[in-house]
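# Remarks on the overall topology
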Amino acid sequence: MAIKQISILLENKQGKLADITRALADAGINLRAMSIAETQEYGMLRLIVSDPQKVKDTLQDGTVVVETEVVAVKMSDDKGGLADVLKVFDKANVNIDYAYAFTGHADGLAYVVFRVDDNLAAEAMLKEAGFKLITQADL
């Protein structure tokens, strides 16, 4: 039930992020979530998108594009919501490599994307604890 995340290696120069997002928009790809981590020379752009394969097809100009499976969970957009999810990971001994979040104000929920060392264990424990997972079909 994991979803597909697209990671794109970007040169850390003015306009590179704008160029990528414009190319994706022109291809009709909707960005659902985004995270970017930078170093002095490069940035790692992580995206949850409406059509991961279309991203790979669109960016065939030598851009480094990697697809990774991640776990995405819906949670209450209240104090302690994230702590409740993290408690499940801790109980299951699932290590979190990184995470990023976004909210959906209209539905009162928050959504967190996790890159973990064991997607199946994380998903099973989250379901058992009553959390709803985001599927690729939801995107």
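### Some thoughts on the overall build of the protein chain
A count of helical and extended segments in the protein chain gives four helices and seven strands. A globule of 139 residues ought to have a C-alpha radius of gyration of about 14 Å, and the protein chain, at 16 Å, matches this closely. Reported as C-alpha extents along the three principal axes, the dimensions of the protein chain are approximately 45 × 30 × 25 Å. When each of the 139 residues of the protein chain is scored for burial, the buried share is 36%. Taking contacts inside the protein chain between residues at least 6 apart in sequence as the whole, the part at least 24 apart equals 68%. When the accessible surface of the protein chain is totalled, it reaches about 8000 Å², and 48% of it is carbon and sulfur.

### What to know about the layout of surface pockets
One way to see where empty space is left: roll a probe the size of a water molecule over the atoms. For the largest pocket, the calculated volume is near 180 Å³. Taken together, Leu-9, Leu-10, Glu-11, Lys-16, Asp-19, Ile-20, Tyr-42, Gly-62, Thr-63 and Val-64 make up the full set of residues lining the largest pocket. For the lining of the largest pocket, the secondary-structure elements that each account for two or more residues are β1 (3-11) and α1 (16-26). When the residues that make up the lining of the largest pocket are grouped by side-chain class, the tally is five nonpolar, two polar and three charged.

### Notes on helix α4 (residues 119-128)
Residues lying three or four places apart along an α-helix face the same way, a consequence of the helix completing one turn every 3.6 residues. Among the residues of α4, those classed as buried are Asn-119, Ala-122, Glu-123, Met-125 and Leu-126. Those residues of α4 that are buried are in contact with β4 (65-76), α3 (81-91), β6 (109-116) and β7 (132-133). Taking the backbone nitrogen of Leu-120 as reference, a side-chain oxygen 3.3 Å away marks Asp-118 as the first, capping residue of α4. Two residues or fewer past α4, Gly-130 is found with a positive phi of approximately 95°.

### Quick look at the nonpolar core
Among the nonpolar cores identified, the biggest contains 16 residues, and Val-73, Val-85, Phe-89, Phe-114, Val-116, Leu-126 and Phe-131 are the most heavily contacted of them. Contributing elements (two or more residues each) for this core: β4, α3, β6 and α4. No other element matches β6, which puts four residues into this core. When sequence neighbours within four positions are dropped, the list of residues in contact with Phe-131 reads Val-73, Lys-74, Met-75, Asp-84, Val-85, Val-88 and Leu-126. In this structure, Ile-29, Leu-45, Leu-47 and Val-49 belong to the second largest nonpolar core, which totals 12 residues.

### Description of a nonpolar patch on the surface
A contiguous nonpolar surface patch, about 320 Å² in accessible area, is contributed by Leu-9, Tyr-42, Val-64 and Val-66. Checked against the element boundaries, Leu-9 lands in strand β1. Taking the relative accessible area as the measure of exposure, Leu-9 reaches 35% and is therefore partly exposed.

Cut-off values and rules
- Residues numbered from 1 in each chain as written.
- Predicted model: local features only at pLDDT ≥ 70, side-chain atom pairs only at ≥ 80, totals over all residues.
- Heavy atoms only, no water.
- Helix = DSSP H or I, 4+ residues; strand = E, 2+ residues; numbered from the N terminus.
- Rg over C-alpha atoms; globule rule 2.2 N^0.38 Å.
- Buried < 20%, exposed > 50% of the residue type's maximum accessible area, 1.4 Å probe, protein only.
- Contact = heavy atoms within 4.5 Å.
- Areas by Shrake-Rupley, 256 points an atom, 1.4 Å probe, with all protein chains shown as cover.
- 1 Å grid on protein atoms, 1.4 Å probe; cavity = no way out; pocket = protein on both sides within 12 Å on 5 of 7 lines; lining within 4 Å.
- Points joined across faces, edges and corners; volume = space filled by probe spheres on them.
- Nonpolar A, V, L, I, M, F, W, Y, C, P; charged D, E, K, R; others polar.
- Polar contact = N/O pair within 3.5 Å; in protein donor to acceptor, adjacent residues only side chain to side chain.
- Core = buried A, V, L, I, M, F, W, Y, C linked by side-chain atoms within 4.5 Å.
- Patch = residues over 30% accessible without salt bridge, like charges linked within 9 Å, V, L, I, M, F, W, Y side chains within 5 Å.
- Salt bridge = Lys/Arg side-chain N within 4 Å of Asp/Glu carboxyl O.

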